[in-house]
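Results of the structural survey
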Amino acid sequence: MMWRDLFNLKGGAASIQEINQRILADATVSGTNLIVLVMAIMIACVGLNMNSVAVIIGAMLISPLMGGIVATGYGMATYDVPFIRKSLIKLSFQVGLAVLTASIYFLLSPFTSPTDEILARTTPTIWDVLVALCGGIAGAVGNTRKEKSNVIPGVAIATALMPPLCTAGYGLASGNHTFFLGALYLFFINAFFIALSSFLIFKILKVPPHGNV
């Protein structure tokens, strides 16, 4: 076996058409994905309130937020500006809905004191950047395989996209701007580096520019 074959991403990769359809399906914000998003928000909020890692992990597993971020990286790789714009609009809608729903939940919740799980999402570190970058690479590779594996759920847990948005909702509901801005900054770091690493993987796979799929 040649050394270059050890890291050959094209081996076992799905067709460009299949990857394109998969990206479009994962980036959808209506119907099933919208319902799942709202349920994931509620589960994550309950987990943060209860200080339960298991419940928070459950929310991360079912969250569809990864789709819009990977779609943005895909649009960058295919030089498709309208697709990038649509992906960012959809992602912004998801982010806004998540923060708004979390804010309403925490306004109605009888538990108002910040738990350890909430506090952990307010101070981003360099390790969050490393996790997002590695997770984005693994997620993009897993998303381009002929058969989906357990990579995507693992990436969803590692990068933790949902809890920061729910923490931002807590900060908004409690009037704590430090929590709100810190949590949004953590989400932005995760989203940016996931999109960037996805872009790099799609370029390595040489996805064609828009119109040549």
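Up top is the structure these notes are about.
Throughout this document, residue positions are counted from 1 along each chain, in the order its sequence is written. For this predicted model, a pLDDT threshold of at least 70 governs which residues receive local features, and a threshold of 80 or more governs which side-chain atom pairs are given and counted, while totals over whole chains, interfaces and linings are taken from all residues. Values shown for side chains rest on all heavy atoms present in the structure; no hydrogens or waters enter the calculation.

Considerations on the packing of aromatic side chains
Ring pairs are drawn from Phe, Tyr and Trp, using the six-membered ring of Trp, whenever the two centres fall within 6.5 Å, and their geometry is named by plane angle: stacked under 30 degrees, edge-to-face over 60, tilted for the rest. The full count for this structure, using the stated rule, is 7 aromatic pairs. Aromatic side chains tyrosine 74 and phenylalanine 83 sit 6.1 Å apart centroid to centroid with 75° between the ring planes, which places their arrangement in the edge-to-face category. Partly exposed describes any residue whose relative accessible area lies between the buried limit of under 20% and the exposed limit of over 50%, with all areas from a 1.4 Å probe on protein chains only and scaled to the type maximum. The buried category is assigned to tyrosine 74, whose relative accessible area is 3%. For phenylalanine 83, a relative accessible area of 15% puts it in the buried group. Their ring planes at 25° and their centres at 6.0 Å tell us that phenylalanine 188 and phenylalanine 192 sit as a pair that is stacked. Highlighted residues: phenylalanine 188 and phenylalanine 192, both in helix H11 (residues 177–204), separated by 4 residues, approximately one helical turn. We classify phenylalanine 188 as exposed; its relative accessible area is 51%. A network of ring pairs unites the aromatic residues Tyr105, Phe106, Tyr170 and Phe179 as a single cluster. Only runs of H or I of at least four residues qualify as helices and only runs of E of at least two qualify as strands under DSSP, and these elements are numbered from the N terminus.

Side note on helix H3 (residues 32–50)
The span one expects for a helix is its residue count, reduced by one, times 1.5 Å. Over its 19 residues, H3 runs 27 Å from end to end, which matches the ideal 27 Å to within 8%, given 1.5 Å per residue. Every buried residue belonging to H3 is among Asn33, Leu37, Ala40, Ile41, Ala44, Cys45, Gly47, Leu48 and Asn49, and all of these are buried. Contacts: residue pairs with any heavy atoms within 4.5 Å of one another. Buried residues in H3 make contact with helix H2 (16–26), helix H4 (53–62), helix H5 (65–77), helix H6 (81–108), helix H7 (116–119) and helix H10 (162–174). Asparagine 51 lies just past H3 and shows a positive phi near 60°.

So, a nonpolar patch on the surface
In this analysis, a patch consists of residues with relative accessible area above 30% that form no salt bridge, clustered at 9 Å for like charges and at 5 Å for the nonpolar side chains Val, Leu, Ile, Met, Phe, Trp and Tyr. Each accessible area is a Shrake-Rupley estimate made with a 1.4 Å probe; only the visible protein chains count as cover when residues are assessed. What counts as a salt bridge is simple: a side-chain nitrogen of Lys or Arg found within 4 Å of a carboxyl oxygen of Asp or Glu. Where nonpolar side chains cluster on the molecular surface, the patch consists of Ile35, Met39, Met42, Ile43, Leu61 and Ile62 and spans about 490 Å² of accessible area. Contributions of two or more residues to the nonpolar patch are made by H3 and H4. Broken down by element, the residue count for the nonpolar patch peaks at 4 residues, all from H3. Following the sequence through the fold, isoleucine 62 ends up in helix H4.

A word on the packing of H3 against H6
Note on geometry: axes are lines fitted to C-alpha atoms, helical ones only across the stretch in contact, with angles between N-to-C directions running from 0 to 180 degrees. At a closest axis distance of 10 Å, the pairing of H3 and H6 adopts a crossing angle of 40°. It follows that H3 is oblique to H6 by the angle criterion. Here the hand of the crossing between H3 and H6 comes out right-handed. Across from Leu34, Leu37, Val38, Ile41, Met42, Cys45, Val46, Leu48 and Asn49 in H3, the residues of H6 making contact are Phe93, Gln94, Leu97, Ala98, Thr101, Ala102, Tyr105 and Phe106. Per-class residue counts for the contact of H3 with H6 are 14 nonpolar, 3 polar and no charged. Note on terminology: angles under 35 degrees are roughly parallel, angles over 145 are roughly antiparallel, angles of 65 to 115 are roughly perpendicular, and the others are oblique. Working rule for handedness: look at the near helix, and if it is turned counterclockwise from the far one by less than a right angle, call the crossing left-handed; if clockwise, right-handed. When residues are grouped by polarity, Ala, Val, Leu, Ile, Met, Phe, Trp, Tyr, Cys and Pro land in nonpolar, Asp, Glu, Lys and Arg in charged, and all others, Gly among them, in polar.

What to know about the nonpolar core
Side chains of nonpolar character tend, in soluble globular proteins, to be buried together. With 44 residues, the main nonpolar core has Ile23, Ile41, Leu65, Phe106, Met162, Cys166 and Phe202 as its most contacted residues. At the level of secondary structure, the elements contributing two or more residues to this core comprise H2, H3, H4, H5, H6, H10 and H11. At 9 residues, the largest contribution of residues to this core is made by H6. Contact partners of isoleucine 23, with chain neighbours within four places excluded, come to Val70, Ala71, Tyr74, Phe83, Asn143 and Phe202. Joining through side-chain atoms within 4.5 Å is the link that ties buried Ala, Val, Leu, Ile, Met, Phe, Trp, Tyr and Cys residues into a set, and such a set is a nonpolar core.

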